[in-house]
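Chain residues, written in single-letter form:
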Amino acid sequence: MYTLHNVRGWGSMGVQFLLEEMGIPYSSNWMTPEEVRSPGFRTQSPLGFIPALLLPDGRTLFESGAIFAYLAIAHPDTRLSPRPGTYDFGIYLSWLNFMSTNIYPVTNMAYGGGGYSDSEEQSAIIKRKASEVMLQNFTVMEEKLGHPGPYVLGKTLTALDLYLFMLSIWAMPSEAELHQRCKRIAKICATVRERPKLQEALAEHGVLQPGSYSYA
Ligand SMILES: N[C@@H](CCC(=O)N[C@@H](CS)C(=O)NCC(=O)O)C(=O)O
């Protein structure tokens, strides 16, 4: 069975949503930010980042994009990605990487994490710019999707929708502002939020209601 290193409201929530939607057995190792930041955790996750997923053989998967790609491929019967090897799967990987490399790290900067500044003054500038870039990159995604949805790949729910939903919760200046600007993304997120299998995990991460996320 998988063990998810889990912190309330952090990047592990996306993986938890995916495991729940897939119906895969797993357990959570609930951690505090202090535990995540202790040197010992780096034996599991090279940069001490959440999410990290402990495999049954004792090794650990890290990087949210890799974990999402892996789970969908390793459990094809759950049909949360297009079939590997197809062009659709290539499109799926493109969006997964787009989000994990162009939106997630900018989110960290917007919240002031990641050690990108040497002073409060620099930090304020980086946070402001990162918030703008985050919204710009969501907007690029919104426009590029170019179809009525209700999911990232069109008519079929995939792991991408859960990943996008996680990022939307952290949007700056707010989830509401993102939804206001990006109607397709808002529709995807509303659809994900109503998934019956996700209700318990949404409650565990404090994000059942739009706008209910608070950064700890
Ligand atoms: N590139 C990583 C980024 C993960 C990340 O930034 N996680 C944050 C939580 S959302 C974290 O663990 N931060 C460590 C800390 O704040 O000490 C991924 O996609 O998994």
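Quick summary incoming for the structure in this document. (Residues numbered from 1 in each chain as written. Predicted model: local features only at pLDDT ≥ 70, side-chain atom pairs only at ≥ 80, totals over all residues. Heavy atoms only, no water.)

Here's the deal with the overall build of the chain
Worth spelling out the cut-off: Working definition: helices are DSSP H or I runs of at least four residues, strands are E runs of at least two. Numbering for both runs from the N terminus. C-alpha atoms define the radius of gyration in this analysis, and the globule rule sets the expected value at 2.2 Å times the number of residues to the power 0.38. Using a 1.4 Å probe on the protein chains alone, a residue whose accessible area is under 20% of its type maximum counts as buried, one over 50% counts as exposed, and one in between counts as partly exposed. Contact definition: two residues touch when any of their heavy atoms are within 4.5 Å. Here the Shrake-Rupley method, with its probe set to 1.4 Å, supplies the accessible areas, and only the displayed protein chains count as covering residues. We treat Lys and Arg as the positive residues and Asp and Glu as the negative residues; His and chain ends play no part in the count. To locate a charge, take atom NZ for lysine, CZ for arginine, CG for aspartate or CD for glutamate.
In terms of helices and strands, the chain carries 10 helices and 4 strands. The C-alpha radius of gyration computed for the chain amounts to 17 Å, which stays within 12% of the reference 17 Å derived for 216 residues, consistent with globular compactness. In the chain, which comprises 216 residues, the share counted as buried stands at 47%. Restricting the contact set of the chain to residue pairs at least 6 apart, pairs at least 24 apart contribute 65%. Here the chain displays about 10,800 Å² of accessible surface, and carbon together with sulfur accounts for 55% of that area. Side-chain charges of the chain comprise 18 positive and 20 negative groups, with the mean position of each set lying 6 Å from the other.

Looking at the side chain of Ser168
In this fold, Ser168 is placed in helix α7 (residues 159-169). The exposure class assigned to Ser168 is buried, which follows from its relative accessible area of 0%.

Details of the pairing of strand β2 (residues 26-30)
Remark: a regular strand shows side chains that alternate across the two faces of the sheet. Put simply, the rule reads: At least two DSSP bridges between two strands are needed for those strands to be called paired.
One ladder, built from 5 bridges, connects strand β1 (residues 2-6) with β2; its direction is parallel. Pairing of Leu4 across the sheet is with Ser28, part of β2.

Points about the pattern of salt bridges
Heads up, the condition is: Definition used for salt bridges: Asp or Glu carboxyl oxygen within 4 Å of a side-chain nitrogen of Lys or Arg.
Enumeration according to the criterion identifies 6 salt bridges in this entry. Here Asp57 ties to Arg59 by a salt bridge, and the two come within 2.8 Å at their closest N and O atoms. Relative accessible area serves as the criterion here: at 48%, Asp57 is assigned to the partly exposed category. Take Arg59: its relative accessible area is 59%, and that puts it in the exposed class. Salt bridges sharing partners connect three or more residues here, namely Arg128, Lys129 and Glu132.

Let's talk about the packing of helix α6 (residues 120-145) against helix α9 (residues 183-193)
The description of two helices packed together rests on the angle between their axes and the distance between the axes. Note the cut-off: The angle between two axes is taken between their N-to-C directions and runs from 0 to 180 degrees, where each axis is a line fitted to C-alpha atoms and a helix contributes only its stretch in contact. Note that the term roughly parallel is reserved for angles under 35 degrees, roughly antiparallel for angles over 145, roughly perpendicular for angles of 65 to 115, and oblique for everything else. Residue classes follow a fixed rule: Ala, Val, Leu, Ile, Met, Phe, Trp, Tyr, Cys and Pro count as nonpolar, while Asp, Glu, Lys and Arg count as charged, and any other residue, Gly among them, counts as polar.
At a minimum axis separation of 8 Å, α6 and α9 run at an interaxial angle of 90°. In terms of orientation, α6 and α9 fall into the roughly perpendicular class. Between α6 and α9, the contacting residues are Phe138, Glu142, Glu143 and Leu145 on the first element and Lys183, Arg184, Ile185 and Ile188 on the second. Residue composition of the contact of α6 with α9, grouped by class: 4 nonpolar, no polar and 4 charged.

Side note on the environment of Thr3
With respect to the helices, strands and loops of the structure, Thr3 is situated in strand β1. What makes Thr3 buried here is its relative accessible area of 18%. Sequence separation of Thr3 and Pro25 is 22 residues, and the distance between their C-alpha atoms is 9.2 Å. In this structure Thr3 touches Ser27, Asn29, Ala52, Leu53 and Leu54, once residues within four positions along its chain are discounted.

Some thoughts on the site of the ligand
Selection rule: Any residue with a non-hydrogen atom lying within 4 Å of a molecule or strand is treated as near it. Each polar contact in these results corresponds to two N or O atoms within 3.5 Å; when the atoms are within protein, one needs to be able to donate a hydrogen and the other to accept it, and residues that are neighboring in sequence are counted only if both atoms are side-chain atoms.
Contacts to the ligand come from Trp10, Gly11, Arg37, Gly48, Phe49, Ile50, Pro51, Glu63, Ser64, Tyr104 and Asn108. Here a nitrogen atom of the ligand sits 2.7 Å away from a polar atom, N or O, in the side chain of Glu63. A class-by-class count of the residues in the shell around the ligand yields 5 nonpolar, 4 polar and 2 charged.

What to know about the nonpolar core
Test applied: Note on terminology: a nonpolar core comprises buried Ala, Val, Leu, Ile, Met, Phe, Trp, Tyr and Cys residues joined through side-chain atoms within 4.5 Å.
Counting 61 residues, the largest nonpolar core has Phe17, Leu19, Leu71, Phe138, Leu167 and Trp170 as its most contacted members. A per-element tally of this core places α7 first, with 9 residues. Grouped together as the second largest cluster of nonpolar side chains are 7 residues, Trp10, Met31, Val36 and Ala52 included.

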